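# Secondary and tertiary structure notes
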Amino acid sequence: MAVVVSGAYPEKDAAQVRLQPDNLQLVAMGKKIYDANCASCHGRDFKGEANWRERRDDGLLPAPPHDETGHTWHHPDDLLFALTKYGPAKMIGDGYQSAMPGFEKVLTDEEIIASLSYIKSRWPKEIRMRHDQMNKSAAQ
């Protein structure tokens, strides 16, 4: 299974990550990984937690949806990969707090790409096409 990852996050180097939502083997693997590591917060139906745009009493944001109603598809592949691998707190820095952990010690790069490919495979065609265009723009 070919998975493309290069570069070094969280440094400023750009990683070359390509999600593969049409790779059925990778997507099947991604579903298992998502179900085991992501669905408890983001939901098996990708709907996220209630009121995901409003901070909870502890100051943290609830898990956002990963379907077309959320903002996941607003980010290019390499940023989605980095946010998953290192977690938002490490990526944003400056004392930012997030309930989402980084998965760099839990999942391999291939497993992260598989789970993100699974998520993307569930988006409507129009959203996938918009996301592909965003990736092209981000690469330039």
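Residues numbered from 1 in each chain as written. Predicted model: local features only at pLDDT ≥ 70, side-chain atom pairs only at ≥ 80, totals over all residues. Heavy atoms only, no water.

### Things to note about the overall build of the protein chain
Looking only at helices and strands, one finds 6 helices and 0 strands in the protein chain. Within the protein chain, the fraction of its 140 residues that count as buried is 39%. Across the protein chain, every contact between residues at least 6 apart in sequence was considered, and the portion connecting residues at least 24 apart equals 54%. As displayed, the protein chain offers around 8100 Å² of accessible surface, 51% of which is attributable to carbon and sulfur atoms. (Helix = DSSP H or I, 4+ residues; strand = E, 2+ residues; numbered from the N terminus. Buried < 20%, exposed > 50% of the residue type's maximum accessible area, 1.4 Å probe, protein only. Contact = heavy atoms within 4.5 Å. Areas by Shrake-Rupley, 256 points an atom, 1.4 Å probe, with all protein chains shown as cover.)

### Here we look at the confidence of the model for the protein chain
Scored by pLDDT, the protein chain has a mean of 90; 89% of the residues are at 70 or more. Contacts for the low-pLDDT stretch residues 1-14, under 50 throughout, to residues beyond four places or in other chains number 34 contacts. (pLDDT = per-residue confidence, 0-100.)

### A word on the nonpolar core
Counting 22 residues, the largest nonpolar core has Leu-19, Tyr-34, Phe-81, Ile-113, Leu-116 and Ile-119 as the members making the most contacts within it. Within the residue set of this core, elements represented by two or more residues are helix 1 (24-37), helix 3 (77-86) and helix 5 (109-121). Counting residues per element, this core draws most heavily on helix 5, at 6 residues. (Core = buried A, V, L, I, M, F, W, Y, C linked by side-chain atoms within 4.5 Å.)

### Comments concerning the pattern of salt bridges
A complete count under the given rule lists 10 salt bridges for this structure. Note that Asp-109 is salt-bridged to Lys-85, the shortest N-O span being 2.7 Å. Note that Asp-109 is positioned in helix 5 and Lys-85 in helix 3, a separation of 24 residues in sequence. Judged by its relative accessible area of 15%, Lys-85 is buried. (Salt bridge = Lys/Arg side-chain N within 4 Å of Asp/Glu carboxyl O.)

### Observations concerning helix 3
The element helix 3 is largely enclosed, with a buried count of 8 among its 10 residues. Packed against the buried residues of helix 3 are helix 4 (88-92), helix 5 and helix 6 (125-139). Just past helix 3, the residue Gly-87 takes up positive phi, approximately 85°.

### Brief notes about the packing of aromatic side chains
By convention here, two paired aromatic rings are described through the distance between centres and the angle between planes. Going through the model one piece at a time under the given rule, you end up with 3 aromatic pairs. When the centroid spacing of 5.4 Å and the interplanar angle of 50° are considered together, the rings of Phe-46 and Tyr-118 count as tilted. Separated by 72 residues along the polypeptide, Phe-46 in the loop between helix 2 (39-42) and helix 3 and Tyr-118 in helix 5 bring together distant segments of the chain. Residue class for Phe-46 comes out buried when judged on its relative accessible area of 7%. (Phe/Tyr/Trp six-rings, centres within 6.5 Å; stacked < 30°, edge-to-face > 60°.)

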